[in-house]
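Inside the fold
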Amino acid sequence: MKTVLGYFKTYYREEFRWPVFLAVLLFLTGTTWLFYTQKPVAALIGGGAAGSFRFFGNLLVFGVSFAVPLLIYAAAGLHRDKLRSPGFLLMAAVALLVFCFRVFFYWERPMAEYFSGDSHTSYWQNCLTNVTSAFLLVVPVFVFWLCTDRKTQPFYGISAGRVNWKPFVIFLAIMLPLILFAAHQPDFRAQYPKAAISLKRGGLPADDMGHALFFEGCYGLDFIATEFFFRGFLVIGLAKFLGRSAILPAAVFYTFIHFGKPLGETISSFAGGLALGIIAYETKSVKSGLILHLGIAWMIEAVMLMHNGAGLF
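In this text, all values refer to a predicted model and were calculated from it rather than measured experimentally.

1. Section: the overall build of the protein chain
Looking only at helices and strands, one finds 16 helices and 0 strands in the protein chain. For the protein chain, the proportion of its 313 residues judged to be buried stands at 50%. Contacts in the protein chain between residues at least 24 apart in sequence constitute 76% of all its contacts with a sequence separation of at least 6. Approximately 15500 Å² of the protein chain is accessible, and the part contributed by carbon and sulfur atoms is 69%.

Right, here's the structure in full:
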C-alpha cells in the first residue's frame, strides 16, 4: 500500500497544478450537468442517436472531452510543441476514431439472430456487444503499435513484472461498503446486475447459472479492453509525448464514456480514471488496473444479484 501511495505523492509533487485541475473540474461539472439535464446533449452519445449521426456525435463529444484538458495545458504554457507534433496528433486521432467506431458499431443484433436462430436473441446480442467491443478496441490499437511503437516499447501496458496483490485487495475491501450503499439506490438498481437484466430480456430463467457466468465472462472482456485502451494506449502510449500529463486527458475522456450511467458512478469514474492512470504510468503496466476494474465490476454484479435475488442487503 505504501508503494501505491508513493505513486500518488509523486504525481501530486511532479504534475498537480491547481489552475489546470480547477479548469478541468469546472469543465467536467458543466458538461455533466448538461448531459444529465439536457436531452438534446444526451442524444449526441446516447441511444437517441442513430446511423452516421451517432458516429459523428460521438466523435464531437469525445473529441471535446479529450481536447479540452490538452488545451488547458497549452493555455498554461505546457507541452505546446508536443501537442503540435505529427506523432501526437496521429495517435490522438487514431484513439478517437477507434473508440467512436467501437461505440458506433451496432451490427450485433443481426449477428445474434444469425447465430442463435432467433432464440434468446437479446441475451446473445448483449454477449456479442461486449466481445465485439473488446475486439474493436484492442485489435486496431495492436496494429497501430506494430506499425509505430513495436521497436521502442512493449505493447501498451504489457509487462512481465509481478503484481503485489495486497494493496488492491485492501482497496476492493474498502469499496465493498460503497457498493452495498449503491445497491439501494434506484438508478443503480435499474442498471445492475447486468447478467440478470440480460437473462430476463433474453427470455432465460433467472437461475440459469451457465448463461449468467458466460455473460459475466463476456462482460469482463469489455473491461479488459477498456483498461488496455484508456490506461495502456492513452496513458502509457501517449506518455512519450506528455509524460504524466497524459493521465488527466485520459481520465476526462474516461469520465465521458460513463455519461448515461448512474450519476454517482459517473462522478466517481473521474477519480478512478486518475488513480488507475497514475498507477499505470508508474508501473508501465495495466495489470493493477485490470485487477481493480474487474474486481469492482464483478463485485457489483455479485452484490446486486444477492440484493435483488436473495434480499440479503
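Let us keep going from here.
2. Quick look at the side chain of His-258
Tracing the sequence through the fold places His-258 in the loop between helix H14 (247-256) and helix H15 (263-283). Residue His-258 is classed as buried on the basis of its relative accessible area of 7%. Non-local contacts of His-258, meaning those with residues more than four positions away in its chain, are made with Tyr-36, Glu-265, Thr-266 and Ser-269.

3. Regarding the pattern of salt bridges
All told, the structure shown has 8 salt bridges when counted by the stated rule. With its nearest N and O atoms 4.0 Å apart, the salt bridge here joins Glu-265 to Lys-261.

4. Remarks on the environment of Leu-59
Tracing the backbone through its elements, the reader meets Leu-59 in helix H4 (residues 51-75). Among the residues examined, Leu-59 registers a relative accessible area of 25% and is labelled partly exposed. The sequence separation of Leu-59 and Cys-100 amounts to 41 residues, and the corresponding C-alpha distance is 5.9 Å. Ignoring sequence-local partners within four residues, the contact set of Leu-59 consists of Leu-96, Leu-97 and Cys-100.

5. What to know about a nonpolar patch on the surface
Taken together, the side chains of Phe-135, Val-139 and Val-143 present a nonpolar region at the surface, about 260 Å² in accessible area. The topology assignment puts Val-139 in helix H8 (residues 121-148). According to the relative accessible area criterion, Val-139 is partly exposed, its value standing at 35%.

6. What to know about the environment of Ala-74
With respect to the helices, strands and loops of the structure, Ala-74 is situated in helix H4. Look at Ala-74 and you get buried, because its relative accessible area is 18%. Between the alpha carbons of Ala-74 and Val-20 there is a distance of 9.8 Å; along the sequence they are 54 residues apart. Excluding residues that lie within four positions of it along the chain, Ala-74 makes contacts with Arg-80 and Leu-83.

7. Quick look at the confidence of the model for the protein chain
Taken over all residues, the pLDDT of the protein chain has a mean of 85, while the share at 70 or more is 88%. Mean pLDDT per element in the protein chain: helix H3 (residues 39-45) is the minimum at 64, and H14 is the maximum at 96.

8. Focus on the packing of aromatic side chains
Within the structure shown, the criterion is met by 33 aromatic pairs. Between the aromatic rings of Phe-99 and Phe-253, the centroid separation amounts to 5.3 Å while the plane-to-plane angle is 75 degrees, which identifies the pairing as edge-to-face. Of this pair, Phe-99 sits in helix H6 (residues 86-104) while Phe-253 sits in helix H14, placing them 154 residues apart in sequence. Residue Phe-99 is classed as buried on the basis of its relative accessible area of 2%. Here Phe-253 falls in the buried class, since its relative accessible area comes to 0%. Note on Phe-256 and Phe-259: the rings are 4.6 Å apart at their centroids and 35 degrees apart in plane angle, and the pair reads as tilted. You'll find Phe-256 and Phe-259 in the same group, each marked buried. The aromatic ring of Tyr-192 is capped on one face by Lys-194, whose charged end is 5.0 Å from the ring centroid. The lysine or arginine in question, Arg-231, covers the ring of Tyr-254, its NZ or CZ lying 4.3 Å from the ring centre.

Reading guide: rules and limits
Note on numbering: residues in each chain are counted from 1, in written sequence order. Confidence filtering applies because this is a predicted model: local features only for residues at pLDDT of at least 70, side-chain atom pairs given and counted only at 80 or more, and all residues used for totals across whole chains, interfaces and linings. By convention in this description, side-chain values take in all heavy atoms of the structure and omit both hydrogens and water. Only DSSP runs of H or I reaching four residues or more are called helices, and only runs of E reaching two or more are called strands; each is numbered from the N terminus. Between buried and exposed lies partly exposed: a residue is buried under 20% and exposed over 50% of the maximum accessible area for its type, with that area taken using a 1.4 Å probe on protein chains only. By definition in these notes, contact holds between two residues if any of their heavy atoms fall within 4.5 Å. In these tables, accessible area is a Shrake-Rupley quantity obtained with a 1.4 Å probe, and a residue counts as shielded only by the protein chains included in the view. Between Lys or Arg on one side and Asp or Glu on the other, a salt bridge is scored when a side-chain nitrogen of the former is within 4 Å of a carboxyl oxygen of the latter. Patch membership requires over 30% relative accessible area and the absence of a salt bridge. Like charges are linked within 9 Å, and nonpolar side chains (Val, Leu, Ile, Met, Phe, Trp, Tyr) within 5 Å. The predictor attaches a confidence to each residue, called pLDDT, with possible values from 0 through 100. Pairing of aromatic rings covers Phe, Tyr and Trp, the last counted by its six-membered ring, and requires centre-to-centre distances within 6.5 Å; plane angles under 30 degrees mean stacked, over 60 mean edge-to-face, and any other angle means tilted. By definition, being over a ring means that NZ of Lys or CZ of Arg is both within 6 Å of the ring centre and within 35 degrees of the ring normal.

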